[in-house]
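Examination of the molecular architecture
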Amino acid sequence: MINVTKVYLPDREKYLSYVNEIFDSGHLTNNGPFVQKLEKRLEEFLDVRNVILVSNGTAALELAYKALGLSGKVVTTPFSFAATTTSLVYSGLQPVFADIDPETFNIDPEKIAQKIDGETRAIVPVHVFGNACDVESIGEIAREKDLKVVYDAAHAFDVRFKDRSLLSFGDISTLSFHATKLFHTIEGGAVITQNDDLAEKIRKMRNFGMADSEHIPYAGTNAKMNEFEAAMGLCLLDEIGTIIQKRREVTERYEKSLEGIVEYQRHHPKATRNYSYFPVLFENETIMKRILQALGENDIHPRRYFYPSLDTLPFVTSDETMEISRSVAERILCLPLYPDLETKDIEKISSIIRRQLEPNT
Ligand SMILES: *Cc1c(COP(=O)(O)O)cnc(C)c1O
């Protein structure tokens, strides 16, 4: 069976040596030594000022909204994983959708501008599949309209934009370190900000809002990462260069063998790629479903990332149908992508797709 992704596990002995240290120290959680070490190492590796590790990527988004004191309306993308929208609604905010660009699959800055009114407080774009948003235009809109920007950067680990980290844009960027993501800590996530005061606030807010055992300045939550999770991150960070390189090789093999028969996402020319997903777009939903079925019959299971378009969720309203997002959501598949996906499997997947698209060849 080949799935869209396969959980990557680090060197077993190395992880167990960390576990032994945890057993020896008895320090399981509450800002332990491994969490602190992973934060430092990630700040250096990602080239950002503050990395605040938290329990998951959804908690990272919710902490970001709370720390910025958001209320009212937030302009966001309809084409993402559900958590981008559900975290907003869960936090008492009203998502207002702006449609995506049909080639980049990212929120279209021109459409953001049209959706802003007197109650809008923030923009929450997503670097979908690790493809950098038009951060320059989004930054301009935010400055002009005095809005906060929180990037859901769950897919954008290690992406650079021009000469700086993509994660350093906006007021806050959030990461997910769920087991299925490019870099993971089993469950986990991070809040990233270049603003030291905001970082201090978020550090307290992930720990119930406590400054110390007697001072509780904020109404926070419990979003702490534990030491077993941080240990997983420390192990994986040692291997991340190889992981990304292997994913790049798989991606390039796919691109070669599927050339000319499917559409790819257009990547931002000023940004690097991290090869976190391999999305392909088909002409229509019927063809996509035929391919999904043909692959399924061979025990190959891509995923309909991201379907459905989030403007169709039962607990949101939209004054306008998100036509482009709905159209892309209906026609897209993310093909299996993980470091040790074998060349023969890539060839097999590609030829099954090719046979469906070119039945006479
Ligand atoms: C995975 C993901 C999240 C949620 O992260 P969790 O760690 O699973 O809570 C949020 N947004 C996007 C775009 C994601 O892909």
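Whatever comes next refers back to the structure up there.
The structure reproduced in this document is the subject of the present report.

Rules and cut-offs
Residues numbered from 1 in each chain as written. Predicted model: local features only at pLDDT ≥ 70, side-chain atom pairs only at ≥ 80, totals over all residues. Heavy atoms only, no water. Helix = DSSP H or I, 4+ residues; strand = E, 2+ residues; numbered from the N terminus. Rg over C-alpha atoms; globule rule 2.2 N^0.38 Å. Buried < 20%, exposed > 50% of the residue type's maximum accessible area, 1.4 Å probe, protein only. Contact = heavy atoms within 4.5 Å. Areas by Shrake-Rupley, 256 points an atom, 1.4 Å probe, with all protein chains shown as cover. Lys, Arg positive; Asp, Glu negative; His and termini not counted. Charge placed at Lys NZ, Arg CZ, Asp CG, Glu CD. Near = heavy atom within 4 Å. Polar contact = N/O pair within 3.5 Å; in protein donor to acceptor, adjacent residues only side chain to side chain. Salt bridge = Lys/Arg side-chain N within 4 Å of Asp/Glu carboxyl O. Core = buried A, V, L, I, M, F, W, Y, C linked by side-chain atoms within 4.5 Å. Axes fitted to C-alpha atoms, helices over the stretch in contact; angles between N-to-C directions. Parallel < 35°, antiparallel > 145°, perpendicular 65-115°, else oblique. Left-handed = near helix turned anticlockwise from the far one by under 90°. Nonpolar A, V, L, I, M, F, W, Y, C, P; charged D, E, K, R; others polar.

As a further point, take the overall build of the protein chain. What the protein chain contains, in helices and strands, is eleven helices and 14 strands. Here the C-alpha radius of gyration of the protein chain, 21 Å, is about what a compact globule of 361 residues would show, namely 21 Å. In terms of overall dimensions, the protein chain has C-alpha extents of about 75 × 55 × 40 Å along its principal axes. Across the 361 residues in the protein chain, those meeting the buried criterion constitute 54%. Of the contacts made within the protein chain by residues no fewer than 6 positions apart, 70% connect residues no fewer than 24 positions apart. For the protein chain, the accessible area works out to roughly 16200 Å², and carbon and sulfur atoms hold 47% of it. On the protein chain, the mean spot of the 42 positive side-chain charges and the mean spot of the 54 negative ones are 1 Å from each other.

This paragraph deals with the site of the ligand. Taken together, 14 residues lie around the ligand, and Gly57, Thr58, His155, Ser176 and Lys181 are the ones closest in. Ser176 is positioned with one of its side-chain polar atoms (N or O) 2.7 Å from an oxygen atom of the ligand. Within the side chain of Lys181, a nitrogen or oxygen atom sits 3.2 Å from an oxygen atom of the ligand. At the level of elements, α3 (57–67) and α4 (83–90) are the ones that each hand at least two residues to the shell around the ligand.

What follows is about the pattern of salt bridges. Applying the stated criterion to the full structure yields 26 salt bridges. The shortest N-O distance in the salt bridge between Glu103 and Arg266 comes to 2.8 Å. With Glu103 in the loop between β4 (94–97) and α5 (109–115) and Arg266 in the loop between β11 (263–264) and β12 (279–281), the pair connects residues that are 163 residues apart, well separated along the chain. Glu103 gets classed as partly exposed once you look at its relative accessible area, which sits at 42%. Judged by relative accessible area, Arg266 falls into the partly exposed class, the value being 39%.

Counting 55 residues, the largest nonpolar core has Leu42, Leu53, Ile112, Phe157, Leu175, Phe177 and Phe183 as the members making the most contacts within it. Elements represented by at least two residues in this core include exactly α1 (12–25), α2 (33–46), β2 (50–54), α6 (135–145), β6 (148–152), β10 (189–193) and α8 (227–257). Take this core: its biggest share by element is ten residues, from α8. Beyond its immediate sequence surroundings of up to four residues, Phe183 is in contact with Leu38, Leu42, Phe157, Ser176, Phe177, His178, Gly233, Leu236, Leu237 and Ile240.

Time to look at the packing of α3 against α4. One can describe the packing of α3 onto α4 by two numbers: an axis separation of 9 Å at closest approach and a directional angle of 45 degrees. With respect to α4, the axis of α3 lies oblique. As for the relative orientation of α3 and α4, their crossing is right-handed in sense. Residues Thr58, Leu61, Glu62 and Tyr65 of α3 form the contact with α4, whose participating residues are Ala83, Thr84, Ser87, Leu88 and Tyr90. For the contact of α3 with α4, a count of residues per class yields five nonpolar, three polar and one charged.

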